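# Summary of the model geometry
Chain by chain, the residues:
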Amino acid sequence: MSESKPNRRGILIILSSPSGAGKSTLAKRLMAWDPSLKFSVSATTRAPRPGEEDGREYYFKTHDEFQKMVEEGEMLEHAQVFDHFYGSPKAPVEDAIKAGRDVLFDIDWQGGQQIRNSTLADDVVSIFVLPPSIAELESRLRSRAQDSDEVIAGRMRKSRDEISHWAEYDYVLVNTDVDKAELQMISIVSAERQRRSRQPGLVELVRGLNTEFEERT
Ligand SMILES: Nc1ncnc2c1ncn2[C@@H]1O[C@H](COP(=O)(O)OP(=O)(O)OP(=O)(O)O)[C@@H](O)[C@H]1O
Ligand SMILES: Nc1nc2c(ncn2[C@@H]2O[C@H](COP(=O)(O)O)[C@@H](O)[C@H]2O)c(=O)[nH]1
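Here the structure is a predicted model, which means the values were calculated and not measured. (Residues numbered from 1 in each chain as written. Chains lettered and ligands numbered in written order. Predicted model: local features only at pLDDT ≥ 70, side-chain atom pairs only at ≥ 80, totals over all residues. Heavy atoms only, no water.)

This part covers the UniProt feature "domain: Guanylate kinase-like" (unreviewed entry) in the protein chain. The UniProt record marks residues 10-190 with the feature "domain: Guanylate kinase-like" (unreviewed entry), using the residue numbering of this structure. Helix and strand shares over residues 10-190 are 42% and 23% respectively, and the end C-alpha atoms of the span are 13 Å apart. (UniProt positions renumbered as here; feature names shortened; annotations may be inferred. Helix = DSSP H or I, 4+ residues; strand = E, 2+ residues; numbered from the N terminus.)

Pasting the structure below:
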């Protein structure tokens, strides 16, 4: 049986924020809301955190392996973030959007900018997540209990630079209450899907409405 043609291309949903504002938490919630979303699993040179699995949170690469992926044109975007390299493999993203599947990215502002400047720009919906305060941002990084004091201090220093890019995004959420932020994100994705897809049968419906008008005159 031949597969039916999707009625729209997939959307690239880009989530960025300073480290600790809650984008991975929100990304997981969005995936739970719609499991048909494809999460773009990035490649990184950073070491896995406890509980992270290769191929699930990230593809963990050596520096040479990462460099080879970049040189062979396998990355849609890539950047140095903090002390490591991160990048989004291109092929799975292109396959997904052609098949009409929406793809979710958890990437920094540099990656967001590169994708918005690429040939896929028209497919992008970008969302920036702000923390309610810097004190809360630090407290979230500490309560996550996955990074050393030195790593947390480095991420806090970089957060101002990340935040300075907020206005480049289509939507900005303040993640104070995670349930509210999740609902806002779901609303954004639902509205963007509606905007880009033509419901089947609309042309026929409008033709019928016009016929009805003519019959009334
Ligand atoms: N609204 C919220 N209120 C309180 N805690 C939150 C909220 N949202 C997320 N958190 C918690 O804050 C911590 C950091 O969240 P998360 O890991 O999702 O951030 P992140 O932006 O993905 O960080 P990174 O960029 O470093 O990956 C986690 O422990 C998470 O459970
Ligand atoms: N430009 C890209 N940034 C990425 C990518 N994958 C993750 N990230 C960003 O890196 C930081 C740190 O992540 P962490 O998992 O080490 O806490 C965070 O801001 C991510 O959004 C990527 O492929 N490209």
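Once you've had a look at it, read on.
Attention now goes to the sheet that holds strand β9 (residues 171-174). Working definition: the strands of a sheet are paired by backbone hydrogen bonds and lie parallel or antiparallel to each other. In spatial order, the strands read β2-β7-β1-β8-β9; together these five strands make up an open sheet with parallel pairing. The sheet is open, and its two edges are formed by β2 (38-39) and β9, each paired on a single side. The pairing of β2 with strand β7 (residues 103-106) spans two bridges and is parallel. Its bridge partner lying in β7, F39 is registered against L104. Helix α3 (residues 90-98) rests against β1 (12-16), β2 and β7 of the sheet, and its axis sits at about 145 degrees to β7. (Pairing = 2+ DSSP bridges. Contact = heavy atoms within 4.5 Å. Axes fitted to C-alpha atoms, helices over the stretch in contact; angles between N-to-C directions.)

Those residues of helix α4 (residues 109-116) not exposed but buried are W109, G111, G112, I115 and R116. All buried residues of α4 fall inside an arc of 160 degrees around its axis, so they share one side. Along its buried surface, α4 packs onto β1, β5 (75-81), β7, β8 (124-130) and α6 (149-163). (Buried < 20%, exposed > 50% of the residue type's maximum accessible area, 1.4 Å probe, protein only. Arc of directions from axis to C-beta.)

All right, on to the sheet that holds strand β6 (residues 84-89) then. Overall, mixed pairing links the four strands, which are arranged β4-β3-β6-β5 in an open sheet. Looking along the sheet, the strands with just one partner apiece sit at the ends: β4 (58-60) and β5. This sheet shows a mean twist of 25 degrees between the axes of neighbouring strands, independent of strand direction. Two elements, β5 and β6, share six bridges in a ladder whose sense is antiparallel. Across the sheet, residue Q80 finds its bridge partner in β6, namely F85. Sitting on the sheet, α3 is in contact with β5 and β6, with an inclination near 30 degrees to β6.

The subject of this paragraph is the pattern of salt bridges. Within the structure shown, the criterion is met by 19 salt bridges. In this structure, the salt-bridge partner of R29 is D179, at a minimum N-O distance of 2.7 Å. Note that R29 is positioned in helix α1 (residues 23-33) and D179 in helix α7 (residues 178-196), a separation of 150 residues in sequence. Given a relative accessible area of 44%, D179 falls into the partly exposed group. For E72, the salt bridge identified is with K68, shortest N-O distance 3.8 Å. The class for E72 is partly exposed, based on a relative accessible area of 48%. The network of salt bridges with shared partners includes R46, R49, E52, R144 and D147. (Salt bridge = Lys/Arg side-chain N within 4 Å of Asp/Glu carboxyl O.)

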